[in-house]
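# Structural description and commentary
Residue strings, one per chain:
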Amino acid sequence: MSKHDGYKFWREKLNECKYVLAPMVDASELPWRMLSRKYSSQLCYTPMMNAGVFVRDSTYRTENFVTCAEDRPLIAQFCSDDPELFTKAAQMIQDQCDAVDLNLGCPQNIARRGHYGAFLQEEWELIHKILSHAVENLKIPVTAKIRVFDDIGKTVEYAKMVASTGISILTVHGRTREQKGPNTGLASWKHIKAVKDSLKIPVFANGNILCFNDVIECMKETGCDGVMVAEPNLFNPALFSGLNPSTYDIAYEYMLFVEKYPCSYACIRGHLFKIFQKVFERHKEYREKMGKLRDIDEIKKCILEIKDVIIKEKEIDQQEKTDMNLSYWLCQSYIRPIQTTDTSKEREDLKKMVEERISEDASSPNALKRHIDELTSSLNETLDKNEKESVLKCAKIIERKKRKLEKIERKAKYFEEQEARRQDNKKDRYIPCGLCKNPKGEKCEFALCRKCCKNKVFTEMVDCKGHQLKYRIKKQSDEIKLENTENIK
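The shown structure was predicted, so the numbers you read here are calculated from the model rather than taken from an experiment. (Residues numbered from 1 in each chain as written. Predicted model: local features only at pLDDT ≥ 70, side-chain atom pairs only at ≥ 80, totals over all residues. Heavy atoms only, no water.)

## Let's talk about the packing of aromatic side chains
The following threshold applies: Stacked, tilted and edge-to-face are the three classes applied to pairs of Phe, Tyr and Trp rings, where Trp contributes its six-membered ring and a pair requires centres within 6.5 Å; stacked means planes under 30 degrees apart, edge-to-face means over 60, and tilted covers the rest. A run of H or I in DSSP counts as a helix once it spans at least four residues, and a run of E counts as a strand once it spans at least two, with each numbered from the N terminus. Only protein chains enter the accessibility calculation, which uses a 1.4 Å probe; a residue whose area is less than 20% of its type maximum is buried, one above 50% is exposed, and one in between is partly exposed. By definition here, charges over rings are those cases where NZ of Lys or CZ of Arg is within 6 Å of the ring centre and within 35 degrees of the ring normal.
Within this structure, the stated rule accounts for 12 aromatic pairs. Ring centres 5.7 Å apart and planes at 25 degrees place the aromatic pair Phe-235 and Tyr-334 in the stacked group. Placement of the pair is Phe-235 in helix α11 (residues 231-235) and Tyr-334 in the loop between α16 (296-316) and α17 (341-357), with a sequence separation of 99 residues. We classify Phe-235 as buried; its relative accessible area is 5%. With centroids separated by 5.3 Å and ring planes inclined at 75 degrees, the aromatic side chains of Tyr-328 and Trp-329 adopt a geometry described as edge-to-face. Feature note: the residues Tyr-19, Phe-212 and Phe-240 constitute an aromatic cluster, connected by ring pairs. The residue whose ring lies beneath Lys-154 is Phe-149, and the NZ or CZ to ring-centre distance is 4.4 Å.

Quick look at the structure:
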């Protein structure tokens, strides 16, 4: 049974929040949360954190959990498949956030390898143990985020099981585990509505949001208590305000928050590339320039340059619109291309073409690079437009495969070096004293450190040649001297 009433928590601690910023790895960090709060995000989640690493690595904790007094209400999200570790990680920060969330929705391959996220979906008993153990042992409420099954009935039963652990809020992403990447497709609001109708705790809906009108429509159709937004917020952090501000203004505001709350350049680049996505399609030179910058002042200067260029273009041409019927310099959600039968067939054809072009000896990054050069040079030949596009796409696929191989090689090399270092440490590691934790003397006859050996020698009246402690010999020598003295007398 829950220690915290879900609706009481939602009303009193979360202020009946309706607009929720989702947990996003390398994306929902503190400066971005503060920017989103400025534009009507009422509740924010931290990026997903690995509970096991969080518990054992202080550097990981310092880098991944950063907050401030104004960063509330806040829910910290962890991924885990271990009840003890999830609870322990949550206990370490329960005084700095309003609740902790268990990620049961991540569909990525890293979650499959790590045995967490949506890949726990079939292990109901384990999920129940993780959540119920946390609910019993934490001072703050526990929440969870799930994905749906194809079958609505099974999804409802799954949600009921998760809710039965005593959690206070459930977030439902209306997509299945298989709906990701090019196969993302549409989320099912019917699944979310069915879950909402079956539970007695607050439910947040997630999926199919591109603009503020979608937020209103989602709440009306599903009856949910709030709407969580992930990717659309990265392209337009003012989405919950119903605004489409200028990209350069939002980017500059974000950099001001970065100055106040520093974060990694990987996060900064990721955000700027999404904010300026439509701008960079038109001005590719700034994309390249922005990617090379490593200084906050230089990045701000680049943003102002982009602003000047756009303002000049606006004076000349104000009619160009994007897919959302907005000018390209305005913040707007990214619309994924719909995957049709033709695009799927094209993908398969390209895959076959790549396999044909990559010979058996092209298993190393250098060999793949040669194939990329060959494909790129073939563009100079007489090819029609479609053939050129196919060759370019093929080259990009091979390039991605090359980068993946390089990453695998770097990772293998890193683990080899770690193993070698560990073996060296084993060789150099001292053997402890038999009575305490100090190193034993290498030549000690009793396998003790000098201090313990000295106590033994004087207590038991023995000698240790290794430590050159000769109590018995000295005693015998003293006795002989005493005898000789008495004989002289």
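## Observations concerning helix α5 (residues 83-93)
So the rule is basically this: As used here, the arc is the angular range of directions from the helix axis to the C-beta atoms. Any two residues having at least one pair of non-hydrogen atoms within 4.5 Å are treated as being in contact. Any pair of N or O atoms that falls within 3.5 Å is considered a polar contact. Within protein, one atom must be able to donate a hydrogen and the other to accept it, and sequence-neighbouring residues count only if both atoms are side-chain atoms.
When α5 is considered as a whole, its buried residues turn out to be Pro-83, Phe-86, Thr-87, Ala-89, Ala-90 and Ile-93. Around the axis of α5, the buried residues are gathered within 160 degrees of arc, so they sit on the same side. Contacts made by the buried residues of α5 are with β3 (49-50), α3 (51-56), β4 (74-79), β5 (99-104), α7 (124-137) and β6 (142-147). Between the side-chain oxygen of the N-cap and the backbone nitrogen of Glu-84 there are 2.8 Å, and the N-cap of α5 in question is Asp-82.

## Focus: empty space enclosed by the protein
To keep it simple, the criterion reads: Definitions used throughout: a 1 Å grid over protein atoms alone; a cavity as a set of points that fits a 1.4 Å probe which cannot get out; a pocket as an open set with protein on both sides within 12 Å along at least five of seven lines; a lining residue as one with an atom within 4 Å of a point. Grid points are joined across faces, edges and corners, and a volume is the space filled by probe spheres set on the points. In this classification, the charged set is Asp, Glu, Lys and Arg, the nonpolar set is Ala, Val, Leu, Ile, Met, Phe, Trp, Tyr, Cys and Pro, and all remaining amino acids, among them Gly, are polar.
Scanning all chains against the criterion turns up one cavity of 30 Å³ or more. Lining the largest cavity are Phe-235, Thr-247, Lys-274, Ile-275, Gln-277, Lys-278, Tyr-328, Leu-330 and Gln-332. Among the elements of the structure, α13 (265-275) and α14 (277-282) are those that each provide at least two residues to the lining of the largest cavity. Residues of the lining of the largest cavity, tallied by class, amount to four nonpolar, three polar and two charged.

## Notes on helix α8 (residues 152-163)
Stated precisely, the cut-off is as follows: An expected span of 1.5 Å times one less than the residue number is assigned to each helix.
Here α8 contains 12 residues, and its C-alpha end-to-end distance of 16 Å stays within 8% of the 16 Å for a straight helix at 1.5 Å per residue. Those residues of α8 that fall on the buried side of the exposure criterion are Thr-155, Val-156, Tyr-158, Ala-159, Met-161, Val-162 and Ala-163. By the N-cap criterion, in which a side-chain oxygen at the helix start approaches the backbone nitrogen of a residue two or three places on, α8 is capped by Asp-151, the distance to Gly-153 being 3.3 Å.

## So, the layout of surface pockets
Roughly 450 Å³ of internal volume is contained in the second largest pocket. If you trace the second largest pocket, you find 20 residues lining it, with Asp-26, Pro-47, Glu-63, Asn-64 and Cys-267 closest to the centre. Along the lines of polarity and charge, the residues of the lining of the second largest pocket split into 13 nonpolar, three polar and four charged.

## Section: unusual backbone geometry
The omega angle of the peptide bond from Arg-72 to Pro-73 is 0 degrees, so this bond is cis rather than trans. Looking at where Pro-73 falls in the secondary structure, it is placed in the loop between α4 (58-64) and β4. A positive phi angle is found at Asn-15, which is not glycine, with a value near 55 degrees. Tracing the backbone shows Asn-15 in the loop between α1 (6-12) and β1 (19-21).

## Structural notes on the nonpolar core
Filter applied, for reference: In this text, buried Ala, Val, Leu, Ile, Met, Phe, Trp, Tyr and Cys residues form a nonpolar core when linked through side-chain atoms within 4.5 Å.
Ranked by internal contacts, the top residues of the largest apolar core, which has 56 residues, are Phe-78, Val-100, Val-142, Val-162 and Leu-170. If we ignore the near neighbours within four places in the chain, the residues touching Val-100 are Ile-75, Ala-76, Phe-78, Phe-86, Ala-90, Leu-138, Ile-140, Pro-141, Val-142 and Thr-143. Ranked by size, the runner-up nonpolar core spans 40 residues in total, among them Leu-30, Tyr-39, Ala-238 and Cys-302.

## Focus on the pattern of salt bridges
Our working rule: For salt bridges, the criterion is a side-chain nitrogen of Lys or Arg within 4 Å of an Asp or Glu carboxyl oxygen.
Applying the stated criterion across every chain, the model contains 15 salt bridges. The closest approach of N and O atoms between Asp-71 and Arg-33, which form a salt bridge, is 2.7 Å. Taken together, the residues span a long stretch of sequence, with Asp-71 in the loop between α4 and β4 and Arg-33 in helix α2 (residues 30-38) at a distance of 38 residues. Relative accessible area serves as the criterion here: at 1%, Arg-33 is assigned to the buried category. Across the pair Asp-225 and Lys-196 runs a salt bridge whose closest N-O atoms are separated by 2.8 Å. A residue pair is termed long-range when its members are at least 10 positions apart, and Asp-225 in the loop between α10 (212-222) and β9 (226-229) and Lys-196 in helix α9 (residues 189-198) qualify at 29 residues. One salt-bridge network, held together by shared partners, links Arg-33, Arg-37 and Asp-71.

## Notes on the environment of Val-279
Mapping Val-279 onto the fold places it in helix α14. Residue classification places Val-279 among the buried positions, given a relative accessible area of 1%. Placed 52 residues apart in sequence, Val-279 and Cys-331 show a C-alpha to C-alpha distance of 9.8 Å. Ignoring anything within four residues of it in the chain, the contact list for Val-279 reads Thr-247, Ile-306, Ile-310, Tyr-328 and Trp-329.

## Brief notes about the packing of α7 against α8
Definition in use: Between N-to-C directions, angles span 0 to 180 degrees; the directions come from axes that are lines fitted to C-alpha atoms, helices contributing only their stretch in contact. What sets the label is the angle itself: under 35 degrees gives roughly parallel, over 145 gives roughly antiparallel, 65 to 115 gives roughly perpendicular, and the rest give oblique.
Running from amino to carboxyl end, α7 crosses α8 at an angle of 30 degrees, the nearest separation of the two axes being 9 Å. Judged on the interaxial angle alone, α8 and α7 are roughly parallel. Mapping the contact onto sequence places Trp-124, Ile-127, His-128 and Leu-131 in α7 and Lys-154, Glu-157, Tyr-158, Met-161 and Val-162 in α8.

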